[in-house]
Amino acid sequence: MLNYINLKYKTLKTDLICEFYLEPNKITIEKAAAHVALESSIGTWTDIGTMNKRIAKTLKPSVFYINKKSNIIKIAYSQDLFEKGNMPEILSSIAGNIFGMSAVKNLRLIDISFPESIIKSFKGPSFGIKGIRKITGIKNRPLTGTIIKPKLGLNEKEHAKVAYDAWIGGLDIVKDDENLTSMKFNRFNKRVIETLKMRDKAEKETGETKIYMPNVTAETNEMLKRAKFVKANGGRYIMIDIITAGWSALQTLRNADLGLVIHAHRAGHAAFTRNQKHGISMLTIAKVARLIGVDQLHIGAIVGKMTGTKHEVKDIGENIENQIIHKNSSHILEQKWYNIKPTLAVCSGGLHPGCIPSLMKIMGNNIVIQCGGGCHGHPDGTKAGAIAIRQAVNSSIKKIPLKTYAEGHKELKKALNKFGIIS
Ligand code: CAP
Ligand code: MG
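What you see is a predicted model; the values in this text were computed from it and never measured.

Conventions adopted
Residues numbered from 1 in each chain as written. Chains lettered and ligands numbered in written order. Predicted model: local features only at pLDDT ≥ 70, side-chain atom pairs only at ≥ 80, totals over all residues. Heavy atoms only, no water. pLDDT = per-residue confidence, 0-100. Contact = heavy atoms within 4.5 Å. Axes fitted to C-alpha atoms, helices over the stretch in contact; angles between N-to-C directions. Helix = DSSP H or I, 4+ residues; strand = E, 2+ residues; numbered from the N terminus. Parallel < 35°, antiparallel > 145°, perpendicular 65-115°, else oblique. Nonpolar A, V, L, I, M, F, W, Y, C, P; charged D, E, K, R; others polar. Buried < 20%, exposed > 50% of the residue type's maximum accessible area, 1.4 Å probe, protein only. Polar contact = N/O pair within 3.5 Å; in protein donor to acceptor, adjacent residues only side chain to side chain. Pairing = 2+ DSSP bridges. Domains from an automatic or database assignment. Buried area = accessible area lost by both parts, 1.4 Å probe. Core = buried A, V, L, I, M, F, W, Y, C linked by side-chain atoms within 4.5 Å.

Student: What is the right way to read the confidence of the model for the protein from this model?
Tutor: Segments scoring low in pLDDT should not have their predicted coordinates read at a detailed level. Counting all residues, the mean pLDDT for the protein is 93, and 93% of those residues have values of 70 or more. For the stretch residues 309–321, pLDDT sits under 50, and the model shows 36 contacts to residues farther than four places along the chain or on other chains.

Here's what the structure looks like:
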């Protein structure tokens, strides 16, 4: 059997490097690490007569770091093991069979660092943060948005009316929910037409740019058709559920270069990001999504209902958002990656006006703040909910405590009475 452990290996700039959390299954961590290395590259569970010196020399990866206390291992892979521009193949290698091997009790892909040749083989975001701020005309405050609720059930006109109320109340963005595509009670094309009509009306009445993000998630050819329909009818954004649609579909949508801002919803991610000992980290998902080219990406609520919030994970010692926000003390979605533009972080999930100042304190202004229930659940309805969200953002920008600011802003005051304040 080839030896995959080489703690003296000096990594090359051209290597792709993976960091794993590894719990061996009744074998040594070295043995388990070797199995991870071989199964994610050139080998299999036993030595084979078809292996040869050339392959071993050029393509064998090296486990160059093993920390038995933290169960962290690092593996360096030759870039030649990967097809440039082909994310499914890359992940089929380093995030494929290995999770199911009997050699591991738990295995979690924590981080990937891609070499320049691979980074440059992907398009990255077509607009990026600068492009989004140019389209929306929003210079440096957070973008604010809502998700139409109920998630499903409204017909096209009802959907458009709720969107109108949110825009008139001051929100910048309205999106479809992750499971709203084209239903018998709400057909995609009709919804897009009706909602864009309301968008234009709201833009005229407010003088502000308003964004509608229709969910194009579907079989890839159908998805492309829907995206082109949005474009042809004056839409500027689309939304895709990147996990359920899949990496190939996302690459196809991005590579179609439709000139539409791509908003990435990550429904389903928690099936493998939530367990801190097994699966794939949100940090890895965020890097992959940015490389392929999403302009906006959900990264969690930080202070809301979904897992990964600051308070819930601090004792697990791994705050998903912190990883994205602060790993290597810079924001993974905004880090300089050659030709790859930065992706705008989207905070969403159980957010309401009472969370906004503490969210902005942690995340700064380069974010999208999305409130679904936190908008439509306002005692006076969607428009008042939208007004309260903008008021909460203003209180933070003006550095006025939320409670004080609410004294002079009735919609905010009512929102705080109902939802409270998360500090
Ligand atoms: C939020 C949301 C989003 C979640 C997804 C929902 O609605 O529309 O899909 O934010 O989670 O359906 O839960 P609420 P994440 O504002 O009513 O919670 O952003 O973590 O991927
Ligand atoms: Mg949703």
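Student: I keep staring at the packing of helix α17 (residues 382–397) against helix α19 (residues 410–419) and nothing clicks. Help me out?
Tutor: Packed helices, taken two at a time, are described by their axes: the angle between them and the distance between them. One can describe the packing of α17 onto α19 by two numbers: an axis separation of 8 Å at closest approach and a directional angle of 95°. One element, α17, and the other, α19, form an angle in the roughly perpendicular class. Together, Ala 384, Ile 387, Ala 388, Gln 391 and Ala 392 of α17 and Glu 411, Leu 412 and Ala 415 of α19 make up the contact between the two elements. For the contact of α17 with α19, the residue count by class is 6 nonpolar, 1 polar and 1 charged.

Student: Looking at this model, I keep getting lost on helix α10 (residues 247–255). Mind explaining?
Tutor: Owing to its 3.6 residues per turn, the α-helix aligns residues three or four sequence positions apart on the same side. Along α10, the residues classified as buried are Trp 247, Ala 249, Leu 250, Gln 251, Leu 253 and Arg 254. Taken together, the buried residues of α10 touch α3 (87–94), α8 (220–232), β8 (237–241), α9 (242–245), β9 (261–265) and α12 (282–292). The first or second residue beyond α10 is Asp 257, which carries a positive phi of 45°.

Student: Quick question: what am I supposed to make of the side chain of Gln 296 here?
Tutor: Relative to the elements of secondary structure, Gln 296 occurs in strand β11 (residues 296–300). Within polar-contact distance, the side chain of Gln 296 engages the side chain of His 263 at 2.9 Å. Not counting the four nearest positions on each side in its chain, Gln 296 is found in contact with Ile 132, Leu 143, Ile 173, Met 213, Tyr 237, Ile 262, His 263, Ala 264, Thr 343, Leu 344, Val 346 and Val 368.

Student: Explain the sheet that holds strand β6 (residues 173–175) to me, please; I cannot follow it from the model alone.
Tutor: Strand-to-strand pairing in sheets goes through backbone hydrogen bonds, with the strands running parallel or antiparallel. As summarised here, the arrangement of the 8 strands in space is β7-β6-β5-β13-β12-β11-β9-β8, forming an open sheet in which the pairing is parallel. The open sheet has two edge strands with one neighbour each: β7 (211–213) and β8. Averaged over all pairs of adjacent strands, the angle between their axes in this sheet comes to 30°, without regard to strand direction.

Student: Just to check I follow, could you spell out the side chain of Asn 71 for this structure?
Tutor: Tracing the backbone shows Asn 71 in the loop between β2 (62–67) and β3 (72–77). At 2.7 Å, the side chain of Asn 71 and the backbone oxygen of Leu 22 are in polar contact.

Student: What is the right way to read the domain arrangement of the protein from this model?
Tutor: Accessible area lost during the coming together of the parts is what is often quoted as the interface size. Per the domain assignment, the segments making up the protein are domain 1 (15–119) and domain 2 (128–419). Each of domain 1 and domain 2 has a C-alpha centre, and these two points are 35 Å apart. Each partner contributes to the interface: domain 1 provides 21 residues, whereas domain 2 provides 25 residues. For domain 1, the biggest contributors to the area lost against domain 2 are Met 87, Arg 108 and Ile 119; these three give 36% of the whole.

Student: Sorry, what's going on with the environment of Asn 189 here?
Tutor: Mapping Asn 189 onto the fold places it in helix α7 (residues 188–206). According to the relative accessible area criterion, Asn 189 is partly exposed, its value standing at 38%. Placed 148 residues apart in sequence, Asn 189 and Trp 337 show a C-alpha to C-alpha distance of 37 Å.

Student: Would you mind showing me how to read the environment of Glu 178 here?
Tutor: Within the fold, Glu 178 resides in the loop between β6 and α7. Taking C-alpha positions, Glu 178 is 9.9 Å from Ala 264, a pair spaced 86 residues apart along the chain. Excluding residues that lie within four positions of it along the chain, Glu 178 makes contacts with Lys 151, Asn 215, Met 239, Asp 241, His 265 and Ala 267. At 3.4 Å, the side chain of Glu 178 and the side chain of His 265 are in polar contact.

Student: Just checking my understanding: could you explain the nonpolar core for this structure?
Tutor: As a rule of thumb, nonpolar side chains are buried together in soluble globular proteins. Counting residues in each nonpolar core, the largest one holds 108 residues, and the members touching the most others are Leu 16, Phe 20, Met 87, Phe 114, Ile 242, Trp 247 and Leu 297. At 8 residues, the largest contribution of residues to this core is made by α12. No fewer than three residues from each of domain 1 (15–119) and domain 2 (128–419) sit in this core. In this structure, Ile 129, Ile 138, Leu 344 and Val 346 belong to the second largest nonpolar core, which totals 13 residues.

Student: Sorry if this is basic, but what is going on with unusual backbone geometry here?
Tutor: The bulk of non-glycine residues show a negative phi, and the bulk of peptide bonds are trans. Omega for the bond connecting Lys 149 with Pro 150 falls within 30 degrees of zero, at 0°, which places this linkage in the cis form. Secondary-structure assignment places Pro 150 in the loop between β5 (143–147) and α6 (156–168). Residue Ile 302 is not a glycine yet carries a positive backbone phi of 65°. Examined against the element boundaries, Ile 302 turns out to sit in the loop between β11 and α13 (310–313). With a phi angle near 50°, Tyr 338 is a residue other than glycine that sits in the positive phi range. Within the secondary structure layout, Tyr 338 lies in the loop between α14 (320–326) and β12 (344–348). Since its relative accessible area comes to 39%, Tyr 338 is described here as partly exposed.

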